[in-house]
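Fold and geometry: a report
Listed below, chain by chain, are the residues.
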Amino acid sequence: MNSPMHNTQTTVTDEHKDDKRWSIRALIVDDDVPIRELMIDYLARFNIHASGVTDGAAMRQAMQAEHFDVVVLDLMLPGEDGLSLCRWLRAESDIPILMLTARCEPTDRIIGLELGADDYMAKPFEPRELVARIQTILRRVRDDRTEQRANIRFDNWRLNSVLRQLIADDGLVVPLSNAEFRLLWVFIERPRRVLSREQLLDAARGRSIEAFDRSIDLLVSRLRQKLGDDPKAPQLIKTVRGEGYLFDARDIG
């Protein structure tokens, strides 16, 4: 571009902003306006809606106003530098961060990654590489989150939500019926909360569950047995007399 622009925030048009074809939303934090504009225009070709800001204050304002899938963060910025902003971002959220720098010091890259950046690119770079890096980061984050969601740990157990199996620390595999899986899933999503029989019935209802309270009691009993939870003194699924049940597992995640 022949003449630099002086606005602190740039973006594609509002018409494009609301277009359903935009599958990824990126925030570019870079005070080099021509480079920022180049990145925004190029990313648009790959269904990445990008907004651009100049500094940390504008970055925080943009993130409060809008949801983004990834932040492209330049290291050298006026005021707060990229490392400081990377530290702040990681403390506030788990949004993926791609750092950019014109400096080639290995220590910058190491510090950035240690502070929580997901990837690092040196300037100058090919715009197509930027697209590839963003897509790779988001694919890796998506796969990690899917894996975490598919395998949930609590106490001495791991629940595989894809295979619907309980797996003990010693490798013992305990299959679950559909009703047992749904009930355990309800408990895992609402730990340490008293859930009434009616709430559990509504959440775990299936063709194998009859619409009466006693069916939940029987289902809880079967689930306790598979979890090795002593029915006389249960530690995982506790009975709250007159109210329902409470799932008291530790370290769910």
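Residues numbered from 1 in each chain as written. Predicted model: local features only at pLDDT ≥ 70, side-chain atom pairs only at ≥ 80, totals over all residues. Heavy atoms only, no water.

Looking at an unreviewed UniProt entry, one finds the protein chain named Response regulator and attributed to Pseudomonas serboccidentalis.

1. Thoughts on the overall build of the protein chain
When helices and strands are counted, the protein chain shows nine helices and 13 strands. Within the protein chain, contacts between residues separated by at least 24 positions form 57% of all contacts whose residues are at least 6 apart in sequence. Split by element, the accessible area of the protein chain, about 14,100 Å² in all, is 48% carbon and sulfur. (Helix = DSSP H or I, 4+ residues; strand = E, 2+ residues; numbered from the N terminus. Contact = heavy atoms within 4.5 Å. Areas by Shrake-Rupley, 256 points an atom, 1.4 Å probe, with all protein chains shown as cover.)

2. Thoughts on the pattern of salt bridges
Scanning the entire structure with this criterion turns up 12 salt bridges. One salt bridge connects Arg133 with Glu129, and the closest N-O pair in it is separated by 2.8 Å. Of this pair, Arg133 and Glu129 are both found in helix α6 (residues 127–150), four residues apart, which corresponds to roughly one turn of the helix. A relative accessible area of 33% places Glu129 in the partly exposed class. A network of salt bridges, in which partner residues are shared, links Asp30, Asp74 and Lys123. (Salt bridge = Lys/Arg side-chain N within 4 Å of Asp/Glu carboxyl O. Buried < 20%, exposed > 50% of the residue type's maximum accessible area, 1.4 Å probe, protein only.)

3. Quick notes on the UniProt feature "modified residue: 4-aspartylphosphate" (unreviewed entry) in the protein chain
If you check UniProt for "modified residue: 4-aspartylphosphate" (unreviewed entry), the listed places come out as Asp74 in our numbering. Setting aside residues up to four positions removed in sequence, Asp74 forms contacts with Val29, Asp30, Asp31, Gly82, Leu100, Thr101 and Lys123. (UniProt positions renumbered as here; feature names shortened; annotations may be inferred.)

4. Quick look at the sheet that holds strand β9 (residues 165–168)
In a beta sheet, neighbouring strands are held together by backbone hydrogen bonds and run either parallel or antiparallel to one another. If you walk across this open sheet you meet the four strands as β7-β8-β9-β10, and the pairing is antiparallel. Each edge of the open sheet is held by one strand with a lone partner, namely β7 (151–154) and β10 (173–175). For this sheet the average axis-to-axis angle between neighbouring strands, irrespective of direction, equals 25°. Pairing analysis gives four bridges linking β7 to strand β8 (residues 157–160), with the strands arranged antiparallel. Residue pairing across strands places Asn151 opposite Asn160, the latter belonging to β8. (Pairing = 2+ DSSP bridges. Axes fitted to C-alpha atoms, helices over the stretch in contact; angles between N-to-C directions.)

5. Some words on unusual backbone geometry
With an omega dihedral of -5°, the bond running from Lys123 to Pro124 counts as a cis peptide bond. Structurally, Pro124 is set in the loop between β6 (119–122) and α6. Look at Asp155: it is not a glycine, yet its phi comes out positive at around 50°. Tracing the backbone through its elements, the reader meets Asp155 in the loop between β7 and β8. The partly exposed category is assigned to Asp155, whose relative accessible area is 24%. Backbone geometry places Arg192, a non-glycine residue, at a positive phi of 55°. Tracing the sequence through the fold places Arg192 in the loop between α7 (178–189) and β11 (194–195).

6. A few points about the side chain of Arg224
Inspection of the secondary structure puts Arg224 in helix α9 (residues 213–227). There is no salt bridge for the buried Arg224, and the closest opposite charge comes from Asp229, which lies 4.4 Å off by N-O distance. Side-chain polar atoms of Arg224 contact the side chain of Thr239, separated by 2.8 Å. Contacts of Arg224, omitting those with residues within four sequence positions, involve Asp229, Pro231, Pro234, Ile237, Lys238, Thr239 and Tyr245. (Lys, Arg positive; Asp, Glu negative; His and termini not counted. Polar contact = N/O pair within 3.5 Å; in protein donor to acceptor, adjacent residues only side chain to side chain.)

7. Quick notes on the environment of Gly116
Within the fold, Gly116 resides in the loop between α5 (106–114) and β6. Filtering out sequence-adjacent residues up to four positions away, Gly116 remains in contact with Cys86, Arg90 and Ile97.

8. Looking at the packing of aromatic side chains
One pass over the structure, following the stated rule, counts four aromatic pairs. Aromatic side chains Phe154 and Phe247 sit 5.6 Å apart centroid to centroid with 70° between the ring planes, which places their arrangement in the edge-to-face category. Of this pair, Phe154 sits in strand β7 while Phe247 sits in strand β13 (residues 244–247), placing them 93 residues apart in sequence. When its relative accessible area of 0% is taken as the criterion, Phe154 is described as buried. (Phe/Tyr/Trp six-rings, centres within 6.5 Å; stacked < 30°, edge-to-face > 60°.)

9. Some details on the packing of helix α3 (residues 56–65) against helix α4 (residues 82–92)
Angle between the axes and distance between the axes are the two parameters that describe a pair of packed helices. The contact between α3 and α4 brings their axes to 11 Å, and the two run at 25°. Judged by the inter-axis angle, α3 sits roughly parallel to α4. Where α3 crosses over α4, the two elements pack in a sense that is right-handed. Every residue of α4 that contacts α3 at Gly56, Met59, Arg60 and Met63 is listed here: Leu85, Trp88 and Leu89. In terms of residue class, the contact of α3 with α4 is built from five nonpolar, one polar and one charged. (Parallel < 35°, antiparallel > 145°, perpendicular 65-115°, else oblique. Left-handed = near helix turned anticlockwise from the far one by under 90°. Nonpolar A, V, L, I, M, F, W, Y, C, P; charged D, E, K, R; others polar.)

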